Amino acid sequence: MTNARAHSLAMTVDTAHAHADAVRTATQGDVGLPLRAQGLTVTFGGLTAVKQLDLDVQAHEIHALIGPNGAGKTTVVNALSGFVRPAAGQIWINGASSPHWRSHTLARAGLGRTFQNTRLFGSMSVLETVLVGAHSRFGGGALAALLRTKKAREQEHAAIADAHRLIEFVGLGADAPAKQASALSYGHQRRVELARALIARPRVLLLDEPLAGMNVSEKLELCGLIRQIRESGVAILLIEHDMDVIRNLADRVTVLHFGSKLIEGTPDAVLAHDDVQSAYLGKSR
Ligand SMILES: Nc1ncnc2c1ncn2[C@@H]1O[C@H](COP(=O)(O)OP(=O)(O)OP(=O)(O)O)[C@@H](O)[C@H]1O
């Protein structure tokens, strides 16, 4: 990595520090759940896309968020990850809440995400792309980066070592770090995205349709990887349309319908429920 790139990486960290107080002064939730949302409401003009949603993601669980097209799933993930400002409601990450969550303060509090469509930057290598995700971890700020302090150098070395480890963990080959990320196959790009999210050491990871566009064997492999991520201690909120994947992967399922929670429970119980059959699967009772 060039010095200029290392500096810009560390500079972005300083912005996160500017908002750290918001997290530090946050009210402590009464629970240390990786993620809790209460009364979450998101509006777009006259449309209420998410209504009064209560959602908990427990430690070590894969929690699936399902529902028909337009039910509000992506909007929930966008609100939970600071990309959309909720009209109402409160979000706790690891028991901490803030009235002003932004994506970088959420990341520092322990929340990571991937996107419905891969977002990899033009000419960056896999290693550089993954390192972009590390900025929320760094301390020291812009001055330390400019002065190339010992601490800044140590953090950079630790992040690079972590990036290599994670690139291997997500199943990319030994030659992957130097490759251009955007030139990889679609399935491999999704793995790069996972490594980029994991390097921030999240306690909860929001995955928006991580298996979309994959063939059956790619899906199976990625399901295995998602399980490994859960086993490594990261709780997961997963948006997914494939019911076989839900049955296979999820510990708990929340069904959204017109922005509200229809039902929550185990995959078998939820998918067998009459309301889900009619509302989500389009079957008549
Ligand atoms: N930025 C926006 N501006 C206006 N309306 C929006 C915006 N984003 C989402 N919506 C609307 O909010 C509702 C919920 O959309 P959302 O994308 O969250 O649903 P979804 O359950 O993720 O759907 P899908 O399964 O098709 O991805 C829809 O009616 C959608 O048109």
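Right above here is the structure, for reference.
Not measured: the values here are computed from a predicted model.

Here the phi dihedral of Arg-201 falls at roughly 55 degrees; this positive angle occurs in a residue that is not glycine. Tracing the sequence through the fold places Arg-201 in the loop between helix H8 (186-198) and strand S7 (204-208). By C-beta crowding, Arg-201 is classed as partly exposed, having 16 other C-beta atoms within 10 Å. At Glu-209, a position not held by glycine, the phi torsion is positive, near 50 degrees. Note on placement: Glu-209 falls in the loop between S7 and helix H9 (216-231). Under the C-beta neighbour-count criterion, Glu-209 is labelled partly exposed, with 19 such atoms within 10 Å.

Strand order in the open sheet made by the 4 strands is S2-S1-S4-S5, with antiparallel pairing throughout. Edge positions in the sheet fall to strand S2 (47-57) and strand S5 (96-97), since each has one partner strand and no second. Here helix H3 (residues 73-80) sits on the sheet and contacts strand S1 (35-44), S2 and strand S4 (88-93); the angle it forms with S1, its principal contact strand, is near 115 degrees.

If you walk across this open sheet you meet the 6 strands as S6-S7-S8-S3-S9-S10, and the pairing is mixed. At either margin of the open sheet sits one strand with a lone partner, and together these are strand S6 (111-113) and strand S10 (260-265). On average, adjacent strands in this sheet sit at an angle of 20 degrees to one another, irrespective of strand direction. Pairing of strand S9 (residues 252-257) with S10 involves 5 bridges; the strand directions are antiparallel.

All right, on to the site of the ligand then. Close contacts around the ligand come from Phe-44, Leu-47, Ala-49, Gly-67, Asn-69, Gly-70, Ala-71, Gly-72, Lys-73, Thr-74 and Thr-75, and that covers them all. When contributions to the shell around the ligand are tallied by element, the ones reaching two or more residues are S2 and H3. Top contributing element to the shell around the ligand by residue count: H3, with 3 residues.

Calculation criteria
- Residues numbered from 1 in each chain as written.
- Predicted model: local features only at pLDDT ≥ 70, side-chain atom pairs only at ≥ 80, totals over all residues.
- Helix = DSSP H or I, 4+ residues; strand = E, 2+ residues; numbered from the N terminus.
- Buried ≥ 20, exposed ≤ 12 C-beta atoms within 10 Å, placed from the backbone.
- Pairing = 2+ DSSP bridges.
- Contact = placed C-beta atoms within 7 Å.
- Axes fitted to C-alpha atoms, helices over the stretch in contact; angles between N-to-C directions.
- Near = placed C-beta within 6 Å.

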